[in-house]
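Now for the letters of each chain:
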Amino acid sequence: MSLFLKPFLFLYDTTLSLLLLLFNGGSLEDAAATQERLEADENAAESEWIQLQYLWTKTRSVVLLPVFKGLVVMCLVLSIIVFFESFYMNFVILFVKLFRRKPHKVYKWEAMQEDVEVGPDNYPMVLIQIPMYNEKEVFQLSIAAICSLVWPSSRLVVQVVDDSTDPAVRDGVDIEIAKWQSQGINIRCERRDNRNGYKAGAMKEALTHSYVKQCDFVAVFDADFQPEPDYLIRAVPFLVHNPDVALVQARWIFVNANKCLMTRMQEMSLNYHFKVEQESGSTRHAFFGFNGTAGVWRISAMEAAGGWKSRTTVEDMDLAVRVGLHGWKFVYLNDLTVRNELPSKFKAYRFQQHRWSCGPANLFRKMTMEIIRNKRVSIWKKFYVIYSFFFVRKVAVHFLTFFFYCIIVPTSVFFPEIYIPSWSTIYIPSLITIFHTMATPRSFYLVIFWILFENVMAMHRTKGTCIGLLEGGRVNEWVVTEKLGDALKNKLLSRVVQRKSCYERVNSKEVMVGVYILGCALYGLIYGHTWLHFYLFLQATAFFVSGFGFVGT
């Protein structure tokens, strides 16, 4: 029993004896007997407390300490893996910059020109698909941008793949299509009576129409994407002059990156994805994941690989992996950009990140053996797809970011016996952060906010990854990312988004993790011997800010 508590227990026992004597009567002998019984009870309680202390000490030393030490070692290994993957990709990008290995120098590219005799007939037939679902705020922007592309009108077919269920949206799409048809654009709308397979199902069915058979290539633009007029002029020649190329992917840029702090941080993450991950994959392996939009496909390559499949929520990545395993090459164009909109509402961003993490993990589970058994590509490429593309970037990085920096590091304040090296908590994270921020130099001053926010979002990505690997209940959940279009530019946001009550704004998962990290921070402040609590207080604050809905518009 603690020496601090014994004086209080003595006073408590003495007072209780006097009260019994006063109110119940009796002799001093009875009081002495009562005192003896109380002391016996106290000794028994003290013995039980000692036994509990012994049991806790043994459990901590035999079970908890080894388990925690094993988890720390696992996280240290993942830290090294993620660091070397990031270093490798950035080294490839440095090589590209130094030796100016632009796609135009690696692949044949010649501008398309009309033939004097046959006119525009020497241009290939291009189909453009615009999949959409109840996207009333943005469909006009994308249709207008795509109908303004520079390409012979006789060699272009625009196909609006509309799964909308809102009658007002369907009517608006029909009016917009009729407007462009009156200007000579070959644009038509394809609709279904169901949503089977979501986006993949809609585009697969749209490709079965007879007029599609005459098309050589298909470009895909989601409803909020606005390509520049010269998009096809710059992208299609790679497919025309390189028969082994199946996909040309453009880079995304964002019309609302400056809307709020959340969109600025999204821009930092996505710029790294495109400028480092996509370009390094294109340069070194002629393979990367299709981003689902802003790309042009060779239709024959798609058909050879089985076309669109809806077995996961990342039908774009599924198609890219299957086509890549058939030996086709992909080209990423960093200087060809397409404008689009970032989700500016935290709830929409959470749903998007769930889909983007759950889908790849589920695809990894389903395709690993298919990749291993593949005979068309080299062992090196199979290793790259399984290890780098899937395991490190789609699984390990999410587990490391959340589990290590938001669970293991905070919990380490309770286990001072276990040493976590500073290279894993300071040096490697700092280098990886520098690699990321180099892709968006203008946002370097936001790096602290970006780190804290990425750790918060890693919770949702880790949860989505686990659901995908284990095929949990939400594995095929598809929620269309809400976009606001011109409402953002015209300051009409209040008409589009209704204000939520304080209760509706609360995100319980973020709050619970924030409470845990705050508890660890307070314990570390009182009993710790390091400066770790400063980081923990900041990270807890980030979870609370996100948990109480103060993120986004």
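Computed from a predicted structure; not experimentally measured. (Residues numbered from 1 in each chain as written. Predicted model: local features only at pLDDT ≥ 70, side-chain atom pairs only at ≥ 80, totals over all residues. Heavy atoms only, no water.)

Let's shift gears to the overall build of the chain. Looking only at helices and strands, one finds 19 helices and eight strands in the chain. Intrachain contacts of the chain at a sequence separation of at least 6 include 81% that bridge at least 24 residues. Element-wise, carbon and sulfur atoms account for 62% of the exposed surface of the chain, whose accessible area totals about 27000 Å². (Helix = DSSP H or I, 4+ residues; strand = E, 2+ residues; numbered from the N terminus. Contact = heavy atoms within 4.5 Å. Areas by Shrake-Rupley, 256 points an atom, 1.4 Å probe, with all protein chains shown as cover.)

Another aspect to go through is the pattern of salt bridges. Under the definition given, this model contains 19 salt bridges. For Arg60, the salt bridge goes to Glu417, with nearest N and O atoms at 2.4 Å. Of this pair, Arg60 sits in helix H2 (residues 28-99) while Glu417 sits in the loop between helix H12 (379-411) and helix H13 (422-437); the two residues are 357 residues apart in sequence, bridging distant segments of the chain. Overall, Arg60 belongs to the buried group, its relative accessible area being 16%. Residue Glu417 is classed as partly exposed on the basis of its relative accessible area, which comes to 47%. Between Glu510 and Arg350 there is a salt bridge whose closest N-O contact spans 3.8 Å. (Salt bridge = Lys/Arg side-chain N within 4 Å of Asp/Glu carboxyl O. Buried < 20%, exposed > 50% of the residue type's maximum accessible area, 1.4 Å probe, protein only.)

On to the pairing of strand S7 (residues 295-298). Put simply, side chains in a regular strand alternate between the two faces of the sheet. Neither face of S7 is exposed, since Gly295 and Trp297 on one face and Val296 and Arg298 on the opposite face are all buried. Alignment of strand S6 (residues 245-254) against S7, held across three bridges, turns out to be antiparallel. When the sheet's bridge partners are listed, Gln249 is paired in S7 with Gly295. (Pairing = 2+ DSSP bridges.)

Turning our eyes to something else, we now look at a nonpolar patch on the surface. Residues Ile80, Phe84, Phe87, Phe91, Leu94, Phe95, Leu98, Phe99, Trp423, Ile426 and Tyr427 make up a contiguous nonpolar surface patch of roughly 1100 Å² in combined accessible area. Residue assignment for the nonpolar patch shows that the elements contributing at least two residues are H2 and H13. Counting through the fold element by element, Leu98 comes out in helix H2. (Patch = residues over 30% accessible without salt bridge, like charges linked within 9 Å, V, L, I, M, F, W, Y side chains within 5 Å.)

Let us now look at the side chain of Gln129. Considering the arrangement of structural elements, one finds Gln129 in strand S1 (residues 126-132). Setting aside residues up to four positions removed in sequence, Gln129 forms contacts with Gln159, Val161, Met203, Ala206, Leu207, Val218, Ala219, Val220, Phe221 and Trp308.

This brings us to the pairing of S6. Summarising burial for S6: nine of the ten residues are buried, a large majority. As judged from the nine bridges shared by S6 and strand S8 (residues 329-340), these two strands associate in the parallel manner. The residue bridging Arg251 from the neighbouring strand is Thr337, located in S8.

Note that all results are geometric; they support no functional claim without further evidence.
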